[in-house]
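Structural features, examined
This is what each chain is made of:
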Amino acid sequence: MSISRRGLMRGGIVVSAAAAGATVIGTTTAALAAAPEPSLHSTAQWGARPPSEPLTTVPNRPSYIVVHHTATSNDVANTQAQAYTLARNVQSWHMSQGWGDSGQQFTISRGGYIMEGRHGSISKLRGGTTFIRGIHAGAPANGESIGIENEGLYTGVQPPGALYDSLLNLCAHLCSQYGIAASKIFGHRDFMATQCPGDKLYAMLPQLRADVAEKLGQQPPPPTWPTVKKGASGERVRSIQYLLRQAGDTTAVDGAFGPGTETDVREFQTAKGLTVDGVVGPQTWARLVVVSKQGASGEAVKAIQRQLNNNHGISTTVDGAFGPGTTTSVRTFQTRRSLVVDGVVGPITWQALVG
C-alpha cells in the first residue's frame with residue numbers, strides 16, 4: 001500500500017518478556033468499518049514446531065493491541081524465506097523460556113510478511129469473538145491483548161515502509177474484527193519497564209493510531225498526555241527533564257527516569273500544589289509545559305526541537321532558540337498531525353509531540 005501523510009512513520013519492536021504488572025486498558029464496543037484481511041502466513045506455512053503445552057483460548061475479544069520489536073538485526077533480506085526463518089527463531093527462543101509456543105500472536109518481517117505466531121491465532125481472528133492468550137506483555141495484558149512482534153531494532157532508526165504498511169493493515173483488520181478502537185494500540189513499554197518497541201517505533205504509535213482510524217472511517221484519536229514514571233527512558237523523559245530545568249530545577253538531562261528525576265518531579269508537584277507521587281501524568285504535564293513560539297528560548301525549546309528532530313523525523317537544530325527554522329518544523333509537524341497550523345507549541349501540540 002502506498003504511503004501518503006504517514007510516510008514519515010516508520011518504527012520497530014522488541015522480543016517480549018512475560019512479567020506481572022501492567023496498565024488496565026478499557027474496552028470498546030463501537031462499530032467499526034470493515035478492514036480486509038491482509039495476507040497471513042500460518043504456522044504450518046513457516047514450519048512451526050507444535051506447542052509444547054496446551055494453549056489457552058480467552059473466551060472473549062481482546063481489548064487492545066500491543067506493539068513490540070524483535071531487537072534483532074536490521075541487516076536482513078526482505079524475502080519470504082527470511083521471514084519464515086525469523087518466525088522459527090522467535091518461536092525457538094520463546095519456547096526456550098518455557099512459554100510453550102511463540103509468545104505473540106503475530107510477527108511481521110522487515111519485508112512486510114505477516115506471520116501467525118501463536119498457534120490458532122488466525123482461526124480465532126477470523127471468528128472474531130475469542131483469541132489465543134499470549135505471553136508478551138505481562139499481566140493483565142497477556143489475557144487482554146493481541147501482541148505483534150516487528151522484526152528489527154528500532155531504538156535509533158525507523159522501520160522500513162513495507163513493515164509499517166503491514167503493521168497498519170494488520171492493526172486495522174484486528175480492530176475491525178474484534179471491535180477495538182484505533183486509540184487502543186499501545187507499545188510494550190506502556191505495560192512493563194522495557195525499551196520495547198524502541199524509541200523510534202514507539203514515537204510512531206500516535207500516527208499509527210491515526211492511520212488505522214482513517215482506514216476504519218473513524219476520527220483520529222485526539223492527542224492525550226502520557227503517564228511517565230520511574231523506570232521509563234527515552235525522548236519523552238528527556239522532555240520532562242528539560243521542562244523541569246525550564247522550571248528552575250537542575251535536573252540532569254539523560255533520558256533516564258531515575259531517582260533524581262523522580263525527586264525533582266516530586267519537588268515540582270509540591271511547589272505547584274499537585275498530588276505528590278513522582279509520576280508525570282496529565283495534571284503534572286499541564287503545569288510543566290510552556291507555550292512556545294518564535295522568539296522564545298531556553299530548555300523548553302530544546303525539548304521541542306529534540307522531539308521534532310529525534311522522535312518525529314523533522315530535521316531541526318537543537319539550540320534552544322525558537323527561530324524561523326523551528327517554526328517551519330513545528331508547522332510541518334502540525335500539518336502531519338492534522339492540528340491547527342500556527343507554528344505555536346501550545347498544550348495540544350505538546351500532547352502530540354510527547355504522546
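Summarised in this report is the structure supplied together with it.

What counts, and where the lines are drawn
- Within each chain, residues carry numbers counting from 1 in the order of the written sequence.
- The model is predicted, so local features are restricted to residues of pLDDT at least 70 and side-chain atom pairs to those at 80 or more, both for listing and for counting; the totals for chains, interfaces and linings are taken over all residues.
- Note that the side-chain values use all heavy atoms of the structure and ignore hydrogens as well as water.
- Here, a salt bridge means any side-chain nitrogen of Lys or Arg that lies within 4 Å of a carboxyl oxygen of Asp or Glu.
- Helix and strand definitions follow DSSP, with helices as H or I runs of at least four residues and strands as E runs of at least two, each counted in order from the N terminus.
- Between buried and exposed lies partly exposed: a residue is buried under 20% and exposed over 50% of the maximum accessible area for its type, with that area taken using a 1.4 Å probe on protein chains only.
- We treat two strands as partners when DSSP finds at least two bridges between them.
- Between two residues, a contact is recorded if the distance between any of their heavy atoms is within 4.5 Å.
- Axis lines are fitted to C-alpha atoms, over the contacting stretch for helices. Their N-to-C directions set the angle, which ranges from 0 to 180 degrees.
- Throughout, the term roughly parallel applies to angles under 35 degrees, roughly antiparallel to angles over 145, roughly perpendicular to angles from 65 to 115, and oblique to all others.
- What makes a crossing left-handed is the near helix being turned counterclockwise from the far one by less than a right angle; a clockwise turn instead makes it right-handed.
- Any residue that is not Ala, Val, Leu, Ile, Met, Phe, Trp, Tyr, Cys, Pro, Asp, Glu, Lys or Arg is counted as polar, Gly included; the first ten are nonpolar and the last four charged.

Focus on the pattern of salt bridges
According to the stated counting rule, one finds 5 salt bridges in the structure shown. The closest approach of N and O atoms between Glu37 and Arg126, which form a salt bridge, is 2.8 Å. Of this pair, Glu37 sits in the segment before β1 (40-41) while Arg126 is found in helix α3 (residues 121-127), placing the two residues 89 residues apart along the sequence. In this structure, the salt-bridge partner of Asp199 is Arg189, at a minimum N-O distance of 2.9 Å. With a gap of 10 residues between them, Asp199 in helix α5 (residues 199-215) and Arg189 in the loop between β8 (185-187) and α5 connect regions that are remote in the sequence. Judged by relative accessible area, which is 18%, Arg189 ranks as buried.

Side note on the pairing of strand β7 (residues 145-150)
Note on strand geometry: in a regular strand, side chains alternate between the two faces of the sheet. Of all 6 residues that make up β7, 6 are buried, and the element is covered over most of its length. Burial along β7 is two-sided: the face carrying Ser145, Gly147 and Glu149 and the face carrying Ile146, Ile148 and Asn150 are both buried. The pairing of strand β3 (residues 64-69) with β7 spans 6 bridges and is classified as parallel. Within β7, the residue paired with Ile65 across the bridge is Ile146.

Things to note about the sheet that holds β3
Hydrogen bonds between backbone atoms are what pair the strands of a sheet, whose relative direction is either parallel or antiparallel. As summarised here, the arrangement of the 6 strands in space is β1-β5-β4-β7-β3-β8, forming an open sheet in which the pairing is mixed. Edge positions in the sheet fall to β1 and β8, since each of these pairs with one other strand and no more. Looking at chain direction, β3 and β8 are connected through 3 bridges and run parallel. By the bridge assignment for β8, Val67 is matched with Gly187. Against the sheet, helix α4 (residues 161-178) contacts β1, β3, β4 (106-108), β5 (114-116), β7 and β8, and its axis sits at roughly 170 degrees relative to β7. Across the sheet, α5 is in contact with β3, β7 and β8; its angle to β8 comes to roughly 175 degrees.

Structural notes on the packing of helix α9 (residues 299-311) against helix α11 (residues 347-354)
Contact geometry of α9 with α11 gives a least axis separation of 10 Å together with a crossing angle of 50 degrees. Classified by the angle between their axes, α9 and α11 sit oblique to one another. Seen from above, α9 lies across α11 with left-handed handedness. When α9 is examined against α11, the residues Ala300, Ala303, Ile304, Gln307 and Leu308 are found in contact with a partner set consisting of Trp350, Leu353 and Val354. Its residues placed into classes, the contact of α9 with α11 shows 7 nonpolar, 1 polar and no charged.

By themselves, these observations are geometric and do not establish any function.
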